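Residue-level structural notes
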Amino acid sequence: MNAVIAADYSTPAAGEVAQIAPGLLWLRMPLPFELDHINLYLIEDDDGWVVVDCGLFSSATIEVWSGVIERHLGDKPVKQVVVTHAHVDHIGAAGWLCDRFDVPLCMTAREYDLVQEFLAELMEPSGDSQVARVEFFHRLGMNSKQITSLMAIYGGFADLFSALPKEIKRLEDGDYLSIGAHRWQVILSEGHSIAHASLYSRSLGILISGDQVLPRISSNVSVGPHDPDGNPLRSWLCSLNRLKTLPADTLVLPAHNFPFIGIRKRLDELIEGHEQDLKKIEQICSEPMHIMQQVERLYDRKLSIFDLLLASGECLAHVHYLMQKGCISRSLDNAGRYCYQIITADQDRR
Ligand SMILES: [Zn+2]
């Protein structure tokens, strides 16, 4: 495992900047999580800088941004803010940046609509949305203590987002952003989030991949309460396969870990990782198992409550993939939990 070659750049210290190419900066923004950073990128245009991804909305992020704006942008302002997708570490500070420079936010409409809906729900939780969320976690097999902890985590999310602009400049698959001497093609992907935008410059041979391709960790692909019957793994695998058409020597600038070469090998590794998980789940489900029982067997370590959220959502994504192929059946047990059992192994992978 791990076929990528780290590109020849030293990782900047937390809150610092490194130059990838003239007019292309890498900002290592700290995060207060186990995953302790996100990589943000700045692309220079004639009349300002385009920011790609923003960090959380927190005093620590604002302090870093203020220093970067003062020390690294010359006399040019930020002219546009792009976010690859609406996860909080990418979009949290976007509203603040747009507001500070009075510039547009560019992102896909589906990501924007979903995050606005999510935030509205967090601000004014309705009985219905709370009940649906609790029921979703209960059906996975979580106990009431776990569910209470998860609901508290959701409650804490809202503070990490600055208010988003009322309108966005929409990004769509195949759009081009012309920035300085180069054109960046928008490549849409689904599965990790609903409509993730990566940016590819053929002339530079660079892909700003967001969370779509990461060199060390694999992006979470989860079924969540917002789409409890979804099959995001199918979309995710299609999106990974689609990126194989990019040149093998593309320099990938990911949102986590480090810049690397070896996109095709990495895509193969990621796909293979999901194939392995599907096989494990087929074996685990030789008798009826709810999701928490499967998670226990898939992970040989104790998971934090946040990791449990990711792991259970990802396990369910794999189960739904197999269900839609007709390989696994679902039933409701006496305690109101969904249990899954193998019908027939997926022949496509053999
Ligand atoms: Zn993400």
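Residues numbered from 1 in each chain as written. Predicted model: local features only at pLDDT ≥ 70, side-chain atom pairs only at ≥ 80, totals over all residues. Heavy atoms only, no water.

Moving on, we get to unusual backbone geometry. Across the chain, the bulk of peptide bonds are trans and the bulk of non-glycine residues have phi less than zero. Its identity as a non-glycine residue notwithstanding, aspartate 53 has a phi of 70°, on the positive side. What makes aspartate 53 buried here is its relative accessible area of 2%. A positive phi angle, close to 55°, is found at aspartate 102, a residue other than glycine. Its place among the elements puts aspartate 102 in the loop between helix H3 (94-101) and strand E7 (105-107). (Buried < 20%, exposed > 50% of the residue type's maximum accessible area, 1.4 Å probe, protein only. Helix = DSSP H or I, 4+ residues; strand = E, 2+ residues; numbered from the N terminus.)

Before going further, it helps to spend a moment on the domain arrangement of the chain. Assigned domains of the chain: these are domain 1 (5-114 + 159-271) and domain 2 (276-349). On a C-alpha basis, the centroid separation for the pair domain 1 and domain 2 is 31 Å. At the junction of the two partners, domain 1 supplies 14 residues and domain 2 supplies twelve residues. Carbon and sulfur atoms supply 49% of the area buried between domain 1 and domain 2, which totals about 1000 Å² over both sides. One can count one salt bridge joining domain 1 with domain 2. A salt bridge links arginine 330 to aspartate 229; its shortest N-O distance comes to 3.8 Å. (Domains from an automatic or database assignment. Contact = heavy atoms within 4.5 Å. Buried area = accessible area lost by both parts, 1.4 Å probe. Salt bridge = Lys/Arg side-chain N within 4 Å of Asp/Glu carboxyl O.)

With 91 residues, the main nonpolar core has Leu27, Trp65, Val81, Ile91, Leu97 and Phe137 as its most contacted residues. For this core, the leading source of residues is helix H10 (residues 305-324), giving nine residues. Leaving out residues up to four positions away in the same chain, leucine 97 has contacts with Val51, Cys54, Trp65, Ile69, Val81 and Val103. (Core = buried A, V, L, I, M, F, W, Y, C linked by side-chain atoms within 4.5 Å.)

As a general point, the strands of a sheet are linked pairwise by backbone hydrogen bonds and lie either parallel or antiparallel. Strand order across the open sheet formed by seven strands is E1-E14-E13-E12-E11-E10-E9, with mixed pairing between neighbours. At either end of the open sheet lies a strand with only one pairing partner, and these are strand E1 (5-6) and strand E9 (176-179). In terms of strand pairing, E1 meets strand E14 (residues 260-261) through two bridges, oriented antiparallel. Pairing of isoleucine 5 across the sheet is with isoleucine 261, part of E14. (Pairing = 2+ DSSP bridges.)

End to end, helix H6 (residues 144-157) covers 20 Å across 14 residues, agreeing with the expected 20 Å (1.5 Å per residue, within 8%). Listing the buried residues of H6 in full gives Ile147, Leu150, Met151, Tyr154 and Phe157. Looking down the long axis of H6, one finds its buried residues gathered within 105° of arc, a one-sided arrangement. Projecting away from the buried face of H6 at angles above 90 degrees are the exposed residues Lys145, Thr148, Ala152 and Gly155. By the N-cap criterion, in which a side-chain oxygen at the helix start approaches the backbone nitrogen of a residue two or three places on, H6 is capped by asparagine 143, the distance to lysine 145 being 3.2 Å. (Expected span 1.5 Å × (residues − 1). Arc of directions from axis to C-beta. Polar contact = N/O pair within 3.5 Å; in protein donor to acceptor, adjacent residues only side chain to side chain.)

Here we come to the pattern of salt bridges. Side chains carrying opposite charge are able to pair once their charged atoms draw close together. Under the defined criterion, the tally for this structure stands at 14 salt bridges. Residue lysine 79 pairs with aspartate 47 through a salt bridge whose shortest N-O separation is 3.1 Å. With lysine 79 in strand E6 (residues 78-82) and aspartate 47 in the loop between strand E4 (37-45) and strand E5 (48-52), the pair connects residues that are 32 residues apart, well separated along the chain. Overall, the relative accessible area of 26% leaves lysine 79 in the partly exposed class.

Here we come to the coordination of the zinc ion. Here the zinc ion is held by His85 (NE2), His87 (ND1), His192 (NE2) and Asp211 (OD), and the distances to it run 2.1 to 2.2 Å. Look at where the donors of the zinc ion fall in the sequence and you get H-x1-H-x104-H-x18-D. The class for histidine 87 is partly exposed, based on a relative accessible area of 29%. (Donors = N, O, S within 2.8 Å, 3.2 Å for Na, K, Ca; no water.)

Turning our eyes to something else, we now look at a nonpolar patch on the surface. Residues Phe33, Leu35 and Ile217 make up a contiguous nonpolar surface patch of roughly 220 Å² in combined accessible area. Tracing the chain through its elements places phenylalanine 33 in the loop between strand E3 (24-30) and E4. (Patch = residues over 30% accessible without salt bridge, like charges linked within 9 Å, V, L, I, M, F, W, Y side chains within 5 Å. Areas by Shrake-Rupley, 256 points an atom, 1.4 Å probe, with all protein chains shown as cover.)

The next point concerns the environment of leucine 310. Among the secondary structure elements, leucine 310 is positioned in helix H10. Classification of leucine 310 as partly exposed rests on a relative accessible area of 29%. Along the sequence, leucine 310 and leucine 171 sit 139 residues apart, while their C-alpha atoms lie 27 Å from each other. Look past the residues within four positions of leucine 310 in its chain and what remains in contact with it is Asn220 and Ser222.

So, about the pairing of strand E15 (residues 328-332). Sheet analysis places E15 next to strand E16 (residues 338-342), joined by five bridges and oriented antiparallel. Opposite isoleucine 328, over in E16, you have isoleucine 342 as the bridge partner. Taken together, E15 and the strand that follows it, E16, pair antiparallel across an intervening segment of five residues, in which glycine 336 is found at a positive phi of about 80°.

Where helix H1 (residues 59-72) contacts H3, the two axes come as close as 12 Å, and the packing angle between them is 40°. It follows from the interaxial angle that H1 and H3 lie oblique. The way H1 lies across H3 gives a crossing that is right-handed. Contact residues: Ile62, Trp65, Ser66 and Ile69 in H1; Trp96, Leu97, Arg100 and Phe101 in H3. Taken together, the residues that form the contact of H1 with H3 break down as six nonpolar, one polar and one charged. (Axes fitted to C-alpha atoms, helices over the stretch in contact; angles between N-to-C directions. Parallel < 35°, antiparallel > 145°, perpendicular 65-115°, else oblique. Left-handed = near helix turned anticlockwise from the far one by under 90°. Nonpolar A, V, L, I, M, F, W, Y, C, P; charged D, E, K, R; others polar.)

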